Amino acid sequence: MEQETQELRKAGLKVTHPRMRILQIFEEDGARHMTAEDVYKKLLGHQEDIGLATVYRVLTQFEAAGILSKHNFEGGQAVYELDRGQHHDHMIDVDSGKVIEFVSEEIERLQREIAARHGYEIQDHSLVMYVRPLKGGNRK
């Protein structure tokens with residue numbers, strides 16, 4: 001509870017019950033990418049009286065404060081994840097909707113090289129691959 005309080009204060013946000021509970025859900029939950037509706041359902045499951053409009057408002061505040069990152073993957077709702085400052089890319093299984101995170105130094109290097117070849121340096125980027133399982137292939 002103390003960690004969440006410090007995180008909210010550090011972000012310049014007042015410590016309120018809805019903010020604390022929503023931050024706790026992201027920190028406790030094994031699911032890394034959640035929609036506003038996912039968060040709302042978890043709150044209901046914990047008998048919390050926090051409305052969906054409040055969930056949306058808090059998620060927007062957390063995004064603006066740098067606590068959460070928001071992703072708008074093609075064909076789906078906006079999903080949120082804790083922003084811990086560690087860059088990673090995403091693969092989306094088009095059959096199941098599962099989000100797979102990965103880090104590849106080789107891809108990062110190639111992106112920097114391509115940008116430099118064109119006379120640029122990368123300020124920020126996002127890589128999302130839409131994938132389908134290989135027939136008979138093994139998945140991790």
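Please refer to the structure higher up on the page.
Below is a short write-up of the structure. From a predicted model like this one, the values you see are computed outputs, not experimental measurements.

Here helix 1 (residues 2-10) crosses helix 2 (residues 17-28) at 115°, and the two axes come no closer than 10 Å. Between helix 1 and helix 2, the crossing angle belongs to the class labelled roughly perpendicular. Every pair of crossing elements has a handedness; the one defined by helix 1 and helix 2 is right-handed. Across the interface between the two elements, Gln3, Glu4, Thr5, Glu7 and Leu8 of helix 1 pack against Arg19, Met20, Leu23, Gln24 and Glu27 of helix 2. Looking at the contact of helix 1 with helix 2 residue by residue, the classes come out as three nonpolar, three polar and four charged.

As a further point, take the nonpolar core. Across soluble globular proteins, nonpolar side chains show a tendency to be buried alongside one another. Formed by 20 residues in total, the largest nonpolar core has its most connected members in Ile22, Phe26 and Phe62. Those elements giving two or more residues to this core turn out to be helix 2, helix 3 (36-45), helix 4 (52-65) and strand 2 (78-82). With five residues, the single largest contributor to this core is helix 2. Those residues in contact with phenylalanine 26 that sit more than four places away from it in its chain are Met34, Val39, Leu59, Leu68, Tyr80, Glu81 and Leu82.

Further remarks concern the layout of surface pockets. Of the volumes computed, that of the largest pocket is approximately 360 Å³. Ser69, His71, Gln86, His87 and His88 are the residues nearest the centre of the largest pocket, which is lined by 17 residues in total. Those elements giving two or more residues to the lining of the largest pocket turn out to be strand 1 (68-72), strand 2 and strand 3 (89-93). Of the residues assigned to the lining of the largest pocket, the class counts are two nonpolar, nine polar and six charged.

With respect to the helices and strands, the residue arginine 112 is situated in helix 5 (residues 105-117). Taking the C-alpha atoms as reference, arginine 112 lies 38 Å from methionine 20; in sequence the two are 92 residues apart.

Here helix 2 spans 16 Å end to end across twelve residues, near enough to the 16 Å set by a 1.5 Å rise per residue. Burial in helix 2 covers these residues: Arg19, Met20, Arg21, Ile22, Leu23, Gln24, Ile25 and Phe26. In this fold, the buried residues of helix 2 make contact with helix 1, helix 3, helix 4, strand 1 and strand 2.

A side chain with one charge may pair with a side chain of the opposite charge, provided their charged atoms come close. As enumerated under the stated definition, the model contains three salt bridges in all. Glutamate 48 is the salt-bridge partner of arginine 21, the closest N and O atoms lying 2.9 Å from each other. Of this pair, arginine 21 sits in helix 2 while glutamate 48 sits in the loop between helix 3 and helix 4, and the two are 27 residues apart along the sequence. Neither arginine 21 nor glutamate 48 differs from the other in exposure class; each is buried.

This part is about the sheet that holds strand 3. Pairing is mixed in the open sheet, where three strands are placed in the order 4-3-5. Only two strands of the sheet have a single neighbouring strand rather than two, namely strand 4 (99-102) and strand 5 (128-131). Looking at each pair of strands side by side, their axes are set apart by 25° on average, direction ignored. With four bridges joining them, strand 3 and strand 5 adopt parallel strand pairing. For aspartate 93, the partnering residue across the bridge sits in strand 5 and is valine 131.

What counts as what
- Residues numbered from 1 in each chain as written.
- Predicted model: local features only at pLDDT ≥ 70, side-chain atom pairs only at ≥ 80, totals over all residues.
- Heavy atoms only, no water.
- Axes fitted to C-alpha atoms, helices over the stretch in contact; angles between N-to-C directions.
- Helix = DSSP H or I, 4+ residues; strand = E, 2+ residues; numbered from the N terminus.
- Parallel < 35°, antiparallel > 145°, perpendicular 65-115°, else oblique.
- Left-handed = near helix turned anticlockwise from the far one by under 90°.
- Contact = heavy atoms within 4.5 Å.
- Nonpolar A, V, L, I, M, F, W, Y, C, P; charged D, E, K, R; others polar.
- Core = buried A, V, L, I, M, F, W, Y, C linked by side-chain atoms within 4.5 Å.
- Buried < 20%, exposed > 50% of the residue type's maximum accessible area, 1.4 Å probe, protein only.
- 1 Å grid on protein atoms, 1.4 Å probe; cavity = no way out; pocket = protein on both sides within 12 Å on 5 of 7 lines; lining within 4 Å.
- Points joined across faces, edges and corners; volume = space filled by probe spheres on them.
- Expected span 1.5 Å × (residues − 1).
- Salt bridge = Lys/Arg side-chain N within 4 Å of Asp/Glu carboxyl O.
- Pairing = 2+ DSSP bridges.

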